[in-house]
Amino acid sequence: TFETLASDFYDFESALSDQEKEAVAKLRAWLESEVRPIIGDYWERAEFPKQIVKPLADLGVLSYAWDETKPFENSALFRGFLAVELARVDASVGTFVGVQNGLATGSISICGSKEQREEWIPKLAAGEVIGAFGLTEPLSGSDSAQGLRTTAKRDGDSWVLNGQKRWIGNATFSDITIIWAKDVEDGQVKGFIVPTSTPGYEATKIEGKISLRAVQNADITLTDVVVPESLRLQNANSFKDTAKVLRATRADVAWAAVGTAIGAYEAAVKYSQERIQFGKPIASHQLIQDLLVKSLGNITASIAMVKRVSEMQEAGTLRDEHAALAKAFCTSRMRETVAWCREALGGNGIVLDYQAARYFADAEALYSYEGTREMNTLIVGRAITGKAAFV
Ligand code: FAD
């Protein structure tokens, strides 16, 4: 049965339908029993628990957003709360879903033809095909709208891709990677569904991460990778189309930031009731209450913001700057919150066993990926002043 989270202080979840609440409750129970007990260990070993992909798909997490696969009518708000549930248990698992469902499937949904959507979305939703999204490059991160070096050259009915990608989530074991490359003829960015078994495609795991250690990122090299025209995303004609995918996924990351903050907050509330100092639980010390209340304030303000973002998504009125503000704001509030919550655990705040440390470390990646705080700030700055500060 569904219960509103104590950290959802204003009961935003009451806006969900009964069917949606039931689905949230099911996912929550599964994450608590199957993921929370094992994830610290996977995080420490920097491995992804691949065995959770099928159950995640069976729970519908990879299906709800798409017309081709959704089991029942559901709202953007509901999908936001699913992102909260995932990240409040583990942000790497949330990121895996964000890449599979938002970036990879989202690219095909937004930029693919009807045939491409019908072919790929059901397989991705079932977890039969693992997807990745390759935009960032070693020499092009924030400036990927104009700075991509990866090239695509038309050759009869095929395209030949050459270049390098960096940071690509899920790409150590993806079956397909969406590769964004510049057409050497017209100079526009185009998208390709690249099966990772294609000769010339090579992915290498990035080692030594201190954040989101359980999710896997890869460096990719593409050497004369030949892709048929049928695998070019038919409605991706320039970076403007790539940006449509990012608009949706930035809103998802804002939701995931709320979940990450909640995860840390819950760990801090629990610990503060159990830890005794000066003869009483630290929860009864005023300065600990201050940390908890400031954290709850951040979480509550952020949920209010992303709830409105979801409503605008549904109404079709969400613009790039709206998603950018939510991403920059909610990840900044998350970053403060996880630090306060870690602080509330003292020394145990830096030990994986007590959970707060994992959220604290993971927050750093959420803060920087899908557009850094600076870049999202500049997107909003351009909208409010009419002046682009980054071109
Ligand atoms: P840079 O662009 O080099 O920026 C470095 C610093 O300079 C930042 O602080 C930035 O804000 C600042 N800066 C740059 N330009 C300006 C400017 N004009 N004004 C002010 N400040 C500026 N990419 C993918 O394509 N697919 C993925 O699946 C993916 N997953 C990721 C997962 C993780 C864990 C991480 C860390 C990254 C991932 N990324 C992925 C890449 C991510 O989107 C980039 O890291 C991000 O866009 C920033 O690019 P960069 O790291 O090259 O930093």
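Residues numbered from 1 in each chain as written. Predicted model: local features only at pLDDT ≥ 70, side-chain atom pairs only at ≥ 80, totals over all residues.

### With respect to the overall build of the protein chain
And then number 1: Of regular secondary structure, the protein chain possesses eleven helices and nine strands.
And then number 2: Taken over the C-alpha trace, the protein chain has a radius of gyration of 21 Å; the compact-globule value for 391 residues is 21 Å, and the two agree within 12%.
And then number 3: Taking the principal axes of the C-alpha coordinates as reference, the protein chain spans close to 75 × 45 × 40 Å.
And then number 4: Looking at the protein chain as a whole, 50% of its 391 residues qualify as buried.
And then number 5: The contacts of the protein chain with a sequence gap of at least 6 include a subset with a gap of at least 24, amounting to 75%. (Helix = DSSP H or I, 4+ residues; strand = E, 2+ residues; numbered from the N terminus. Rg over C-alpha atoms; globule rule 2.2 N^0.38 Å. Buried ≥ 20, exposed ≤ 12 C-beta atoms within 10 Å, placed from the backbone. Contact = placed C-beta atoms within 7 Å.)

### Points about the confidence of the model for the protein chain
Any residue range with low pLDDT should be treated as having predicted coordinates unsuitable for detailed reading.
And then number 1: Counting all residues, the mean pLDDT for the protein chain is 97, and 100% of those residues have values of 70 or more.
And then number 2: With a pTM of 0.98, the predicted complex shows an ipTM of 0.99. (pLDDT = per-residue confidence, 0-100.)

### Details of the site of the ligand
And then number 1: Contacts to the ligand come from 21 residues, most closely from Gly141, Ser142, Gly169, Thr372 and Glu374.
And then number 2: Every element with two or more residues in the shell around the ligand is listed here: β1 (131-134), β3 (158-169), α10 (356-368) and α11 (373-385).
And then number 3: The greatest single-element share of the shell around the ligand, amounting to three residues, is contributed by β3.
And then number 4: Considered class by class, the residues forming the shell around the ligand number ten nonpolar, nine polar and two charged. (Near = placed C-beta within 6 Å. Nonpolar A, V, L, I, M, F, W, Y, C, P; charged D, E, K, R; others polar.)

### Description of the UniProt feature "domain: Acyl-CoA dehydrogenase/oxidase C-terminal" (unreviewed entry) in the protein chain
And then number 1: UniProt's feature table lists "domain: Acyl-CoA dehydrogenase/oxidase C-terminal" (unreviewed entry) at residues 243-384, given in the numbering used throughout.
And then number 2: Taken end to end, residues 243-384 comprises 79% helix and 3% strand; its first and last C-alpha atoms sit 19 Å apart. (UniProt positions renumbered as here; feature names shortened; annotations may be inferred.)

### Re helix α5 (residues 114-125)
And then number 1: An ideal rise of 1.5 Å per residue puts 16 Å on twelve residues; α5 measures up with 16 Å between its terminal C-alpha atoms.
And then number 2: At its buried positions, α5 is contacted by α2 (53-58), α4 (91-111), β1 and β5 (189-195).
And then number 3: A positive phi of about 75° marks Gly127, the residue just after α5. (Expected span 1.5 Å × (residues − 1).)

### Observations concerning unusual backbone geometry
And then number 1: You will see that Trp167, though not glycine, has its phi angle at about 80°, which is positive.
And then number 2: For Trp167, the location among the structural elements is in strand β3.
And then number 3: We classify Trp167 as partly exposed; it has 19 C-beta atoms within 10 Å.

### Details of α4
And then number 1: Maximum bend of α4: about 35°, positioned at Thr105.
And then number 2: Most of α4 is tucked away: 20 of the 21 residues are buried. (Bend = angle between axes of the 7 residues up to and from the residue.)

### Re the pairing of strand β7 (residues 217-228)
And then number 1: The pairing of β3 with β7 spans nine bridges and is antiparallel. When the sheet's bridge partners are listed, Lys165 is paired in β7 with Ile220.
And then number 2: Two elements, strand β6 (residues 201-205) and β7, share five bridges in a ladder whose sense is antiparallel. Bridge pairing links Lys205 to Ala218 in β7. (Pairing = 2+ DSSP bridges.)

### Digging into the UniProt feature "domain: Acyl-CoA dehydrogenase/oxidase N-terminal" (unreviewed entry) in the protein chain
And then number 1: Mapped onto the present numbering, the UniProt feature "domain: Acyl-CoA dehydrogenase/oxidase N-terminal" (unreviewed entry) falls at residues 18-128.
And then number 2: For residues 18-128, helix accounts for 73% and strand for 0%, while the C-alpha atoms at its two ends are 29 Å apart.

### With respect to the nonpolar core
And then number 1: In terms of nonpolar packing, the biggest core is built from 121 residues, with Leu161, Phe192, Val258, Ala264, Ala268, Ala356 and Leu366 touching the most fellow members.
And then number 2: Dropping the residues within four chain positions of it, Val258 is found in contact with Val84, Ile299, Ser302, Ile303, Val306 and Cys330. (Core = buried A, V, L, I, M, F, W, Y, C linked by C-beta atoms within 7 Å.)

### Some thoughts on the packing of helix α9 (residues 320-344) against α10
And then number 1: Contact geometry of α9 with α10 gives a least axis separation of 9 Å together with a crossing angle of 160°. By the angle class used here, α9 and α10 are roughly antiparallel. Two packed elements cross with a definite hand, and for α9 against α10 that hand is left-handed. Seen from α9, the contacting residues are Thr331, Met334, Arg335, Val338, Ala339, Cys341 and Arg342; seen from α10, they are Ala356, Ala357, Tyr359, Phe360, Ala363, Leu366 and Tyr367. (Axes fitted to C-alpha atoms, helices over the stretch in contact; angles between N-to-C directions. Parallel < 35°, antiparallel > 145°, perpendicular 65-115°, else oblique. Left-handed = near helix turned anticlockwise from the far one by under 90°.)

### Quick word on the packing of helix α7 (residues 239-274) against helix α8 (residues 286-315)
And then number 1: Across the interface, α7 lies against α8 with an axial gap of 9 Å and an inter-helix angle of 155°. The angle between α7 and α8 falls in the class roughly antiparallel. Crossing of α7 over α8 shows left-handed handedness. For the pair α7 and α8, the contacting residues are Ala251, Ala254, Trp255, Ala257, Val258, Ala261, Ile262, Tyr265, Ala268, Val269 and Ser272 in the first and Ile288, Leu291, Leu292, Ser295, Leu296, Asn298, Ile299, Ser302, Ile303, Val306, Val309 and Gln313 in the second.
And then number 2: Of the residues belonging to the contact of α7 with α8, the class tally is 18 nonpolar, five polar and no charged.

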